[in-house]
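Overview (structure and organization)
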Amino acid sequence: MSRTASLLNDCFLHDKDRLRHNEVLDLLKERLTTVVGTEKCLLEETLGRFLSTPVVAPRNVPLHDNSAVDGYAFSHKDYQLSRTLRAGPVIAAGDLEHYAIDDKEAARIFTGAVIPDGADTVAMQEDCTVTDDQIAVPPGLKTGANLRKAGEDIKSGDIVTRPGKRLRPQEIASLASLGLSEIPVYRRIRVAIISTGNELLEAGGQTSIETGQVFDSNSAMLLALCASLPVTVSRLGIVPDVASAVEDTIARAAATHDVILTTGGASRGDEDHVVATIDRLGKRHAWQIAIKPGRPMTFGQIGDCVFMGLPGNPVAAFVCFLLYCRPALTILGGGEYLEPTRFPVTAGFTIDRKKPDRREFLRGWLTAGDSGPVAMKFERDGSGLISGLRAANGLIELDEETSSVTIGQTVSYIPFSEFGL
């Protein structure tokens, strides 16, 4: 397993009984570091990858002054003396011949074509009148009109993208415009997803289900959530509540992966063997986080392999993955963590009383109001209701100081798109 650094020993240790949301993020950003090596990827395979080395522009983009329109190129100095100019050469995009214009001459030019020597302004063809070999140019054009300067988009020597930047189609377009075909990126984080429990059934594994059994939805959800990150996921299936089976699966996963993700099964019950396994093989810290949903989480490490134990309820697991696992995976994978943008919107719901000193994340969506967007929340708050996640397009965030919500009050809204969903 190629690594650039080892994790701090006991990197998830903290000295508080209860952590606030921002304290959790601060701890993750402070203690975690990039653990994967680097590789070069073909440009067309870099979407969503984290850049590992600065990319410095080897040349200007565009390489030369060129026309932004189909029209006529001329000297603004001549234009100030006379708005009627002689017809000069015809220059097409991609024409490699070197052109120059004489005094009081205008070149017929097409979009993208190189501006000829002696010209510094372009008039749009539809604004000009052509009579024989005379070009009548309309008044009011400023020097440089309809002209793209060399280096206007990217200058030679510019840092186009920096390490940790997640490559979007926009960055890929810029890199392609520089003629680059191989890009230095961090390797993908290797993530193992493990489900434990005798009550779990694999979806699609059988058609019948007995009382007391449930289909495993959390691992499918985590797999889908990981798809928005540059990670490689191994779904290790359902492990029965047998101590030896749990320990063997976790030990093998820790030896070949950077991160292990589990949901549920992390309490102190007789059949919950995950906690005991992490304690035997490495170090584990149960975090009590002052949020709803998702108060209990477990972070730990087996050597340099990070363990993240999410709550068992699907809504809590979903929210905690977005808030904490996604940032952790981003940092471990060499990415730059970006705080999701919160949009102030008007509340279209009421909450008579909210527990103080706790941050809450409600499932919701936006509707159009008379004075702007209005946030609506899913009517039921149960952490086991996947229907609330289906109905929502984002999270409504109520901070620790908020004690109630009235219609018309300003609240923060984080669209799921801020988490790459």
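Below you will find a few notes about this structure. (Residues numbered from 1 in each chain as written. Predicted model: local features only at pLDDT ≥ 70, side-chain atom pairs only at ≥ 80, totals over all residues. Heavy atoms only, no water.)

1. Overview of the packing of helix α1 (residues 21-31) against helix α7 (residues 314-332)
Axis separation between α1 and α7 bottoms out at 10 Å; the angle between their running directions is 15 degrees. Between α1 and α7, the interaxial angle falls into the category roughly parallel. Crossing hand, α1 versus α7: right-handed. Each of His21, Val24, Leu25, Leu28 and Lys29 in α1 lies in contact with α7, whose residues at this interface are Leu323, Tyr324, Pro327 and Ile331. By residue class, the composition of the contact of α1 with α7 is seven nonpolar, one polar and one charged. (Axes fitted to C-alpha atoms, helices over the stretch in contact; angles between N-to-C directions. Helix = DSSP H or I, 4+ residues; strand = E, 2+ residues; numbered from the N terminus. Parallel < 35°, antiparallel > 145°, perpendicular 65-115°, else oblique. Left-handed = near helix turned anticlockwise from the far one by under 90°. Contact = heavy atoms within 4.5 Å. Nonpolar A, V, L, I, M, F, W, Y, C, P; charged D, E, K, R; others polar.)

2. Looking at the layout of surface pockets
The gaps of empty space that remain are located by a probe, the size of a water molecule, rolled over the atoms. The space that makes up the largest pocket amounts to roughly 550 Å³. What lines the largest pocket is a set of 24 residues, among which Arg166, Arg326, Glu336, Leu338 and Glu418 lie closest to the centre. Among the secondary structure elements, those contributing two or more residues to the lining of the largest pocket are α1 and α7. In terms of residues, the lining of the largest pocket owes the most to one element, α7, which gives five residues. (1 Å grid on protein atoms, 1.4 Å probe; cavity = no way out; pocket = protein on both sides within 12 Å on 5 of 7 lines; lining within 4 Å. Points joined across faces, edges and corners; volume = space filled by probe spheres on them.)

3. Focus on empty space enclosed by the protein
In the structure shown here, the tally under the stated rule is one cavity of 30 Å³ or more. As a volume, the largest cavity reaches approximately 30 Å³. What lines the largest cavity is simply Ile193, Ile194, Ser195, Glu202, Asp216, Ser219, Arg235, Gly237 and Ile238.

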